[in-house]
Amino acid sequence: MKHTARLLALAVLVLPLAACQKGDSKPGGAKDQAAKPALLIAPEDLRAVATSGLIGAPVITGSVQPARRADLRAEVAAVVLQVVKDNGERVRQGDLLVRLDATSIRDSLASAEEALRASTQSFEQTQRVLERAKTLNQQGMTSMQALEDAELRRNAAQSELAAARARAVSARQQLTRTEVRAPFDGVVSERRVSVGDTVQVGREIIKVIDPASMRFEGQVSADRLSELKLGQPVAFRVNGFGDVEFKGKLSRIDASANAATRQVEVAASFDEPAKAPQIAGLYAEGRVNSGAQSALVLAEGSIQREGDAAFVWALKGDQIKRLPVQLGPRDERRGEVVIVSGLVSGDQVLRAPGSTLSDGQKVQRVAAGAGAASAATAGAVAPAGR
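Residues numbered from 1 in each chain as written. Predicted model: local features only at pLDDT ≥ 70, side-chain atom pairs only at ≥ 80, totals over all residues. Heavy atoms only, no water.

**Some thoughts on helix α3 (residues 144-176)**
Stated precisely, the cut-off is as follows: Counting from the N terminus, the helices are the DSSP runs of H or I reaching at least four residues and the strands are the DSSP runs of E reaching at least two. Multiplying one less than the number of residues by 1.5 Å gives the expected span of a helix. For each residue, the accessible area found with a 1.4 Å probe, counting protein chains only, is set against the maximum for its type, and the residue is called buried under 20%, exposed over 50%, and partly exposed in between. For this analysis, residues touch if any pair of their heavy atoms sits within 4.5 Å.
Helix length check: α3, at 33 residues, gives a terminal C-alpha distance of 48 Å against a target of 48 Å (1.5 Å per residue), a fit within 8%. Among the residues of α3, those classed as buried are Leu147, Ala150, Arg154, Ala157, Leu161, Ala164, Ala168 and Ala171. Looking at the buried positions of α3, the neighbouring elements they touch are α2 (103-138).

Below, the structure is given as structure tokens:
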């Protein structure tokens, strides 16, 4: 009996202690969950799921080129005396770019003008002789033969005068050609001569382009020509501008394919010319939105994988949710993956999710530029460019 009483007393003491320990564990877990800080989300931490018509669309490869460009060449053989503008300098229409030696041409002009004066005097004299011959013939004081001879001399002098005028005009034009001037407002893109160079007729001297007329010029496979129409949207990226995607519209489709490559030349104008690259010749690659196939796409950086399963972290109200997604084909050129199911157009997902996120974690929206602070605080999200 004494032993039984002792056991009952011990049980009475142990049970309350266990109950206290069990009760203390619940408040502690809830407290840890409540103490977890909210995830700060800036606009640059999110990207929207969108529909793209570029899946399997015709690919254009080429470069950014100006629609207005001039390759200025020498029109006279001479020595370069002065190069006024260099590569990259802006010019206005009519600005002097290069000056050539005009000594011999100036002498030729002086000779042509002197010959013109002599021809003018000769013509005026023969014209006066003809007028006198006409008067004398009317008075019967000279023969018809003398009148015809005077008229022939006047006609010959007139022809010589016309030739002398043409030679003088040609000499003046040659003189003006020793000064190479800008044909329009633009930028010097390539200077091909220096002071002291001897240039022959036809040699390239300098190139001028109009940066405001930049467009995307490239080639597309002739097999995809039936899918192209003027005015179709074009999305392309330019080497040197990272992941910035430019938008444009198809503005030209050549009527013939290249005999060697069997590709067709096309051109696309920028939707925002002011934001177009100002450097000609940059490599570019893009796709024409022919509308042949549209699908939901998402940049690969927003997708996380566990074995064969894939999921994203989506913003739902004031929480982030882990949503499983089914993936389709990947666009190697754009780094995007087709979303077969799990998301709808307009859903917002984390741009570069980390490894410490939890399903249902609270979020707090902050101003642009504060996303990096959230990553440092919560260790979950780091803003990234596309």
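**Some points on the packing of α2 against α3**
Put simply, the rule reads: Lines are fitted to the C-alpha atoms to define the axes, a helix being fitted only along its stretch in contact, and any angle between axes, read from their N-to-C directions, falls within 0 to 180 degrees. Oblique is the label for every angle not falling under 35 degrees (roughly parallel), over 145 degrees (roughly antiparallel), or within 65 to 115 degrees (roughly perpendicular). What makes a crossing left-handed is the near helix being turned counterclockwise from the far one by less than a right angle; a clockwise turn instead makes it right-handed. The classification used treats Ala, Val, Leu, Ile, Met, Phe, Trp, Tyr, Cys and Pro as nonpolar, Asp, Glu, Lys and Arg as charged, and all other residues, Gly among them, as polar.
Viewed as axis vectors pointing N to C, α2 and α3 meet at an angle of 160°, and their least axial separation amounts to 7 Å. Here α2 lies roughly antiparallel to α3, going by the angle between them. Crossing hand, α2 versus α3: left-handed. Along the lines of polarity and charge, the residues of the contact of α2 with α3 split into 18 nonpolar, 9 polar and 10 charged.

**What to know about the sheet that holds strand β9 (residues 179-181)**
Definition in use: Two strands pair if DSSP finds at least two bridges between them.
The strand order across the open sheet formed by 4 strands is β9-β8-β6-β11, and the pairing between neighbours is antiparallel. Each end of this open sheet is capped by a strand with a single partner; those strands are β9 and β11 (198-199). Pairing of strand β6 (residues 78-83) with strand β8 (residues 96-100), which is carried by 3 bridges, proceeds in the antiparallel orientation. Bridge pairing links glutamine 82 to arginine 99 in β8.

**Focus: the nonpolar core**
Condition: Residues belong to a common nonpolar core when they are buried Ala, Val, Leu, Ile, Met, Phe, Trp, Tyr or Cys residues joined through side-chain atoms within 4.5 Å.
By size, the foremost hydrophobic cluster in this structure holds 20 residues, and its most contacted members are Leu72, Leu97, Val98, Leu100, Ile205 and Ile206. For this core, the elements supplying multiple residues, two or more each, are β5 (69-73), β6, β8 and β12 (204-209). Excluding anything up to four places from it in sequence, leucine 97 contacts Leu72, Gln82, Val83, Val84, Lys85, Val91, Val180, Arg181, Ala182, Ile206 and Val208. Counting residues in each nonpolar core, the second largest holds 19 residues, with Val234, Phe246, Val264 and Ala284 among its members.

**Description of α2**
An ideal rise of 1.5 Å per residue puts 52 Å on 36 residues; α2 measures up with 53 Å between its terminal C-alpha atoms. Listed as buried for α2 are Ile105, Leu109, Ala112, Leu116, Ser119, Phe123, Thr126, Leu130 and Ala133. Against the buried residues of α2 lie α3. Glycine 140, located one to two residues past α2, shows a positive phi value of around 75°.

**Side note on the side chain of glutamate 204**
Note the threshold: Pairs of N or O atoms are called polar contacts if they sit within 3.5 Å, as long as, within protein, a hydrogen donor faces a hydrogen acceptor (for residues adjacent in sequence, only side-chain-to-side-chain pairs).
Secondary-structure assignment places glutamate 204 in strand β12. A distance of 3.3 Å separates polar atoms of two side chains, one belonging to glutamate 204 and the other to arginine 192. Among residues more than four places away in sequence, those in contact with glutamate 204 are Leu72, Arg73, Arg192 and Val193.

**Thoughts on the environment of serine 355**
Here serine 355 is to be found in the loop between β23 (348-350) and β24 (361-365). Under the relative-accessibility criterion, serine 355 is labelled exposed at 74%. Between the alpha carbons of serine 355 and glutamine 304 there is a distance of 9.5 Å; along the sequence they are 51 residues apart.

**Here we look at the packing of aromatic side chains**
We count it as follows: Stacked, edge-to-face and tilted labels apply to pairs of Phe, Tyr and Trp rings (six-membered ring for Trp) whose centres lie within 6.5 Å, assigned for plane angles under 30 degrees, over 60, and everything in between, in that order. Note on geometry: a ring has a charge over it if NZ (lysine) or CZ (arginine) is within 6 Å of the ring centre and within 35 degrees of the ring normal.
The full count for this structure, using the stated rule, is 6 aromatic pairs. Arranged with centres 5.2 Å apart and planes meeting at 70°, the rings of phenylalanine 236 and phenylalanine 270 form a pair that is edge-to-face. With phenylalanine 236 in strand β14 (residues 233-238) and phenylalanine 270 in strand β16 (residues 263-270), this residue pair connects regions lying 34 residues apart in the sequence. Phenylalanine 236 sits in the buried class, given a relative accessible area of 1%. For the pair phenylalanine 311 and tryptophan 313, a centre-to-centre distance of 6.1 Å together with 85° between the ring planes defines the contact as edge-to-face. Ring pairs connect the aromatic residues Phe216, Phe236, Phe241, Phe246 and Phe270, which therefore count as one cluster. It is arginine 68 that lies over the ring of phenylalanine 184; its NZ or CZ is 4.4 Å from the centre.

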